[in-house]
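Analysis of the macromolecular model
Each chain, written out:
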Amino acid sequence: MSAMAGELIVIEGTDGSGKSTQFARLCQRLEQEGVDFRKEVFPRYGQPSAALLEMYLSGQFGSHPQDVNPYAASAFFAVDRYASYKTGWQAYHKEGGLMLCDRYTTSNAVHQASKLPEEQAGPFLDWLFDFEYEKLGLPRPTLVFFLDMPTEQALELLHRRQGDQGDIHEKDPAYLAQCRRRALAVCRRYGWRRVECAPGGRLRDPEQIHQEIWEQIWTKIHKKQ
C-alpha cells in the first residue's frame, strides 16, 4: 500500500488526555495495515534543540506557566520542531510521505494561547501559525485530532501515572482547565477533529477512541489512492 501524499497527521490533547496511548495504538495499526509512515513525538526531550523548552518546563524560568510569555515559550518549542524537520523528515514528507506526530505546532496553540485574555488569543494564533508555517517553513497539518478529556479526569489520570511528579503545566490544575477551554475554541476555529474521551465524565474505552480516529484516517487513505 502506498502512503498518503505529503500528509501530516497530529494527535493533540491536554496533559492527561491519553495522547501517548492513542499515538502508540495508531502507529501499531498503520504497521499492521502495511501503511508506510514515519513518526515523531514532540517535545524531543534530550535533544540539543529541546534544551530551552526543558528549562522552561522544569521551572527554571519560573514555577508557573504564566511566568514565561507565550511568544517566548512558543519559540522554544518551535526550534525543536524545526530541528526535527530539517534533520529528519523534510525530504520524506516533500516526496509524499505520511508523517504522524504526537503534538506539533498545535500544542502551542493550546497551551500558550491559554495564557492570554480572549481578545489577545486570536492575534497570537495568527502570529504562531505565520511564524512556524510561513517564516520557519514547517508543513501545516493535514488532519488534527484533539483528544478532549475533561480536566477532572485528566488530573486523576496524571496523578495515577506520575504521582506528584510532572512539569509546570501538569502541576497547575487551573492552567489545564484553561487549556481545555481554549483548545475547544481553537478546534472550532480551525476545524480540528474533536474526540470525546469522557462524555458525561465517564471514561471511554481506549480501543473505542482508537477506532473512531482510525476510521477517519482510513477513509482519508483510500481517498488518496
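Residues numbered from 1 in each chain as written. Predicted model: local features only at pLDDT ≥ 70, side-chain atom pairs only at ≥ 80, totals over all residues. Heavy atoms only, no water.

1. Considering the overall build of the protein
Our working definition: Counting from the N terminus, the helices are the DSSP runs of H or I reaching at least four residues and the strands are the DSSP runs of E reaching at least two. As defined in this context, the radius of gyration uses C-alpha atoms, and a globule is described by 2.2 Å times the residue total to the power 0.38. A simple rule labels every residue: compare its accessible area, found with a 1.4 Å probe on the protein chains alone, to the largest value its type can have, and call it buried under 20%, exposed over 50%, or partly exposed in between. By the convention used here, residues are in contact when the closest approach between their heavy atoms is within 4.5 Å. A positive count includes Lys and Arg, and a negative count includes Asp and Glu. His and the chain ends are not counted in either. Every charge is mapped onto a representative atom, which is NZ of Lys, CZ of Arg, CG of Asp or CD of Glu.
Along the backbone of the protein there are 8 helices and 5 strands. Start at the N end of the protein and walk to the C end: the helices and strands fall as β-α-β-α-α-β-α-α-β-α-α-β-α. Expected size for 225 residues packed as a compact globule is a radius of gyration near 17 Å; at 17 Å, the protein falls within 12% of this value. Expressed as lengths along the three principal axes of its C-alpha atoms, the size of the protein is roughly 50 × 40 × 35 Å. Going through the 225 residues of the protein one by one, you find that 52% of them count as buried. Across the protein, the fraction of contacts at a sequence separation of at least 24, relative to all contacts at a separation of at least 6, is 78%. Distance between charge centroids for the protein: 3 Å, based on 28 positive and 30 negative side chains.

2. Some points on unusual backbone geometry
Glycine aside, a negative phi is what most residues show, and trans is what most peptide bonds show. A cis amide bond links Phe42 to the next residue, Pro43, at an omega of -5°. Its location among the elements puts Pro43 in the loop between β2 (38-41) and α2 (51-57). Positive phi, normally seen in glycine, also occurs at Arg103, with a value near 75°. Structurally, Arg103 can be placed in the loop between β3 (99-102) and α4 (105-111).

3. Quick notes on the sheet that holds β2
Applicable threshold: Here, strands pair whenever DSSP counts at least two bridges between them. Every angle, taken between N-to-C directions, lies between 0 and 180 degrees, and every axis is a line fitted to C-alpha atoms, over only the stretch in contact when it is a helix.
Ordered in space as β2-β3-β1-β4-β5, the 5 strands form an open sheet in which the pairing is parallel. Each of the sheet's edge strands pairs with one partner strand only, and the pair in question is β2 and β5 (193-196). Across this sheet, the average inter-strand angle for adjacent strands is 20°, counted without regard to direction. On the sheet, helix α3 (residues 70-94) packs against β1 (8-13), β2 and β3 and is oriented at approximately 155° with respect to β2. Seen against the sheet, helix α7 (residues 173-190) touches β4 (143-148) and β5 and runs at an angle of roughly 145° to β4.

4. Remarks on the packing of α3 against helix α5 (residues 118-135)
Quick note on the threshold: In this scheme, roughly parallel covers angles under 35 degrees and roughly antiparallel covers those over 145, while 65 to 115 is roughly perpendicular and the rest are oblique. The hand of a helix crossing depends on one turn: near helix anticlockwise from the far one by less than a right angle means left-handed, and clockwise means right-handed. Gly is put with the polar residues, along with every residue not named as nonpolar or charged; the nonpolar set is Ala, Val, Leu, Ile, Met, Phe, Trp, Tyr, Cys and Pro, and the charged set is Asp, Glu, Lys and Arg.
Put simply, α3 and α5 touch, their axes get as near as 11 Å, and they point 25° apart. Compared by their axis directions, α3 and α5 come out roughly parallel. Between α3 and α5 lies a crossing of right-handed hand. From α3, Pro70, Tyr71, Ser74, Ala75, Ala78 and Arg81 reach across to α5, where they touch Pro123, Phe124, Trp127, Leu128, Phe131 and Glu132. Residue classes in the contact of α3 with α5 are distributed as 9 nonpolar, 1 polar and 2 charged.

5. With respect to the packing of aromatic side chains
Geometrically, a pair of aromatic rings is defined through the distance of the ring centres and the angle of the planes. In plain terms, the rule: A pair of aromatic rings is counted whenever rings of Phe, Tyr or Trp (Trp by its six-membered ring) have centres within 6.5 Å, and the orientation is called stacked for planes under 30 degrees apart, edge-to-face for over 60 and tilted otherwise. Any Lys NZ or Arg CZ that is within 6 Å of a ring centre and within 35 degrees of that ring's normal is treated as a charge sitting over the ring.
Applying the stated criterion to the full structure yields 13 aromatic pairs. Considering the side-chain rings of Tyr71 and Trp127, the 4.7 Å spacing of their centres and the 65° angle between planes classify their relative orientation as edge-to-face. Here the residue Tyr71 occupies a position in helix α3, and Trp127 occupies one in helix α5, the gap between them amounting to 56 residues. Under the relative-accessibility criterion, Tyr71 is labelled partly exposed at 34%. Site record: aromatic cluster; members linked through ring pairs are Phe42, Tyr104, Phe129, Tyr133 and Tyr190. Of note, Arg81 hangs over the ring of Tyr104, and the distance from its end group to the ring centre comes to 6.0 Å.

6. Looking at the nonpolar core
For clarity, the threshold we go by: Throughout this description, the term nonpolar core refers to a set of buried Ala, Val, Leu, Ile, Met, Phe, Trp, Tyr and Cys residues connected via side-chain atoms within 4.5 Å.
Leu8, Cys101, Tyr104, Ala109, Leu125 and Trp192 are the most contacted members of the largest nonpolar core, which has 28 residues in total. Those elements that provide at least two residues to this core are β1, α3, β3, α4, α5, β4 and α7. It is α7 that provides the largest number of residues to this core, a total of 6 residues. Residue contacts for Tyr104: discarding those within four places in its chain leaves Leu8, Val10, Glu12, Phe42, Arg81, Trp89, Tyr133, Leu138, Pro139 and Pro141.

7. Notes on the pairing of β4
Counting buried positions over the 6 residues of β4 gives 6, a clear majority of the element. Here β4 shows a buried face lined by Leu143, Phe145 and Leu147 and a second buried face lined by Val144, Phe146 and Asp148. Strand direction decides the pairing type here: β1 and β4, joined by 5 bridges, are parallel. Across the sheet, the residue bridging to Ile9 is Leu143, located in β4. Bridge count between β4 and β5: 4 bridges; the pairing is parallel. Paired with Phe145 across the strands is Arg193, a residue of β5.

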